[in-house]
Amino acid sequence: MTTSAATGSGLVSVEAARDAVLGAIAGPTAAESVFLSEALGRIVAEDVVSTTALPPWDNSAMDGYAIRAADTQGASEASPRRLELIGEVRAGEAPANEVRRGTAMRIATGAPIPAGADSVVQVELTTPIDSAGTPGERGRDATGPLPAACDVHAAIKPGAAIRRAGSDLAAGVRILAPGDILTPAAITLAAGAGVQQLLVHAKPRIHVLATGDEVRSPNQRLGPAGIPDANGPGLAALVEGTGGAAYALGIAKDRLEDVEGRLCAALAGGADAIIVSGGVSVGPYDVVKVAFEKVGRIDLWRVAVQPGKPFAFGVADRPDGGRALLFGLPGNPVSSFVTFELFVRPAIRALAGHRRERLLRQRDRGVLLEPVSKSHGRRAFIRAVAERDDEGSPVRDAVGRVRVRLAGGGAGQGSHVLSALVVADALAVVPEAHDTLDAGSEVELWWLDPH
Ligand code: AMP
Ligand code: MG
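Cut-offs used in this document
- Residues numbered from 1 in each chain as written.
- Chains lettered and ligands numbered in written order.
- Predicted model: local features only at pLDDT ≥ 70, side-chain atom pairs only at ≥ 80, totals over all residues.
- Heavy atoms only, no water.
- Near = heavy atom within 4 Å.
- Polar contact = N/O pair within 3.5 Å; in protein donor to acceptor, adjacent residues only side chain to side chain.
- Areas by Shrake-Rupley, 256 points an atom, 1.4 Å probe, with all protein chains shown as cover.
- Helix = DSSP H or I, 4+ residues; strand = E, 2+ residues; numbered from the N terminus.
- Nonpolar A, V, L, I, M, F, W, Y, C, P; charged D, E, K, R; others polar.
- Salt bridge = Lys/Arg side-chain N within 4 Å of Asp/Glu carboxyl O.
- Buried < 20%, exposed > 50% of the residue type's maximum accessible area, 1.4 Å probe, protein only.

As for the site of ligand 1
Point 1. Taken together, 16 residues lie around ligand 1, and Glu 214, Asp 229, Ala 230, Gly 279 and Gly 331 are the ones closest in.
Point 2. Here an oxygen atom of ligand 1 and a backbone polar atom of Gly 331 are 2.8 Å apart.
Point 3. Contact between ligand 1 and Asn 332: an oxygen atom at 3.1 Å from a main-chain N or O atom of the residue.
Point 4. Relative to its unbound accessible area of 480 Å², ligand 1 is 75% covered by the protein chains.
Point 5. Only β13 (205-211) and β15 (227-228) provide two or more residues apiece to the shell around ligand 1.
Point 6. Counted by class, the shell around ligand 1 contains 7 nonpolar, 7 polar and 2 charged residues.

A look at the pattern of salt bridges
Once the charged atoms of two side chains with opposite charge are near each other, the side chains can pair.
Point 1. Under the criterion given, the structure shown has 26 salt bridges.
Point 2. Between Glu 257 and Arg 255 there is a salt bridge, and its shortest N-O distance comes to 3.3 Å.
Point 3. With a closest N to O distance of 3.0 Å, Glu 432 and Arg 379 form a salt bridge. With a gap of 53 residues between them, Glu 432 in the loop between β26 (426-430) and β27 (436-437) and Arg 379 in strand β24 (residues 379-386) connect regions that are remote in the sequence.
Point 4. On the basis of relative accessible area, Glu 432 is assigned to the partly exposed category, the value being 24%.
Point 5. Taken together, the salt bridges that share partners define one network made up of Arg 365, Asp 397, Arg 401 and Glu 442.

Structural measurements only, silent on function.
Right, here's the structure in full:
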């Protein structure tokens, strides 16, 4: 047990608990190769290198004409220069001709610059001329049959409207590094640089077990004393939303053999972590801690946090030689949710390969619009709702603090109140030292996923 981290109350501080959890993680999961189509949200495990320069060759930034800039010197609106058109370059086509003095080729955006040309004049600065010498519509778009010639109405600088080979990216350079997140932008970059497959960390395998004689699965009658299982589906969704792969272990009775048997099945199944909800408190049928000790060991129990005080954490060896983290979350769904946020989420992100500085939620400064009260000596994580403007952005006060109310009002803060949990935007932190905070007090905010 982590006693050095214990507070005066015998409870472990939030930081010490989180440090113990993160300290038990040897490193991220092994790397696996995936196609870009399945890479969204995954974390890069090994340098990704461009297989082509970008652009691969000089190409046109405009629809227009590939020309020699010197041919347009002195050109103006009133006194254009006429160039003979000797062909065109379409996107996806290699140029067939060379541009010589006094000539031009029609060119599409993204098509390779033909030899001899040193610039592109955009179609808007030209007038097409037919074979009889009759001018067409000035600056009309470059569709239709190729004109015989074009008049250029401006002096074009050498290099104009040419995107140079390699100006975006050289071939063979690192474009993504370990720990980078495969966002849509990163996937676009990798695909554009010719990458098809890459190494990412395997999704952490997180097994989820609900416990409680009163907890019922959807196909069971509630009867006189049953409640629907909120935590099984809720925790699985939190796991998936955090980048883990969730495996359901069902609902165990409050019996040691049942809980232990399911833990053993998860260990045999290669779990990176097992999350158990309920049965971790001090009731006569709270068997989860004993079960943890049977399959592994407990590193800490009882944290100075509200809600979520009975939180327990340990580790167990797997039959395959690996190791699983054991999380014992209190059964009240709000306590489960908050302790997942504080301790499980950073662990899943560390397992998934996120960098150290990306493990925690984004923080902000908030100001309370209503007073709050909480238990003595524990750090409270209040479910808070941000005031929003018409466009949905959080409203800040004159010193930049987000204006927040209590989700569900004061009565919404009970650890069993699901209706208030669903409207929360953020967790507002009330430090251990305060039993109450007045309206107008500043609080630290931890933003939750937008909803
Ligand atoms: P426990 O942590 O087992 O003492 O449970 C605390 C409270 O949470 C009790 O009211 C339980 O009925 C409730 N609870 C436990 N597990 C679940 C669950 N999976 N879904 C909904 N409520 C639960
Ligand atoms: Mg229980």
